[in-house]
Amino acid sequence: MDIFSKIAAGEIPSYKCAENEEFYAFLDINPLVKGHTLVIPRREVDYIFDMEDDEIARYQVFAKKVAQAVGASFPCKKVAQVVLGLEVPHAHIHLIPMQSEQDVDFRREKLKLTEEEFKEISSKILDEFKKL
């Protein structure tokens, strides 16, 4: 079981932003900006394009709702969707509130947030998600 599967199963703590029976969303612990959220399938699959068509469609619809909750929580020009990352062998989408394209530059220094800030951010997004 990979680290993201353990997070979705509750074996490793995370800052939950949204979930259903198939997908799980949680805050990136090394965020580019406040509200930077990861969306994963609960099923272990390394590459997003290895997902079946109907599954990837449901995944995108779930990610869209999470993006709407992120945008409502952190007013921005757009919520970027980025599929990037080789370090964890589990499909994941980054949702990043952005004011400019510089907000999605992964070479930038990451934010250092306190546990209290992470809790506040995830709670805000989860509350917005539940409204949808």
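See the structure above.
Residues numbered from 1 in each chain as written. Predicted model: local features only at pLDDT ≥ 70, side-chain atom pairs only at ≥ 80, totals over all residues. Heavy atoms only, no water.

Asker: Which residues make up the pairing of strand β5 (residues 93-98), and what are the values?
Answerer: Counted residue by residue, β5 has six buried out of six residues, so it is predominantly covered. Residues Ile93, Leu95 and Pro97 point to one face of β5 and His94, Ile96 and Met98 to the other, with burial holding for every one of them. Two strands pair when backbone bridges link them, and strand β4 (residues 78-82) and β5 are joined in this way by five bridges, in the antiparallel orientation. Residue pairing across strands places Val82 opposite His94, the latter belonging to β5. (Buried < 20%, exposed > 50% of the residue type's maximum accessible area, 1.4 Å probe, protein only. Helix = DSSP H or I, 4+ residues; strand = E, 2+ residues; numbered from the N terminus. Pairing = 2+ DSSP bridges.)

Asker: Tell me about the state of the cysteines, and name the residues and values.
Answerer: What the rule picks out here adds up to zero disulfides. Note on Cys17: no disulfide assigned, nearest cysteine sulfur contributed by Cys76 at a separation of 14 Å. Residue Cys17 is classed as buried on the basis of its relative accessible area, which comes to 0%. Under the relative-accessibility criterion, Cys76 is labelled partly exposed at 24%. (Disulfide = S-S within 2.5 Å.)

Asker: Please set out the environment of Arg42 residue by residue, giving values where relevant.
Answerer: In this structure, Arg42 sits in the loop between β3 (37-41) and α2 (53-73). In contact with Arg42, not counting residues within four places along its chain, are Ser5, Ala8, Glu19, Asn20, Glu21, Glu22, Phe23, Tyr24 and His90. Of the polar contacts made by the side chain of Arg42, one reaches the backbone oxygen of Asn20; its length is 2.8 Å. (Contact = heavy atoms within 4.5 Å. Polar contact = N/O pair within 3.5 Å; in protein donor to acceptor, adjacent residues only side chain to side chain.)

Asker: Explain the nonpolar core to me, using residue names and the numbers behind them.
Answerer: Counting 27 residues, the largest nonpolar core has Val39, Phe62, Val66 and Ile125 as the members making the most contacts within it. Counting only elements with at least two residues in this core, the list comes to β1 (16-19), β2 (23-27), α2, β5 and α3 (115-131). With eight residues, α2 is the single largest residue contributor to this core. Setting aside its immediate chain neighbours within four residues, Val39 contacts Tyr24, Ala25, Tyr59, Phe62, Ala63, Val66, Ala91, His92, Ile93 and Leu95. Counting residues in each nonpolar core, the second largest holds eight residues, with Phe4, Leu38, Ile40 and Val88 among its members. (Core = buried A, V, L, I, M, F, W, Y, C linked by side-chain atoms within 4.5 Å.)

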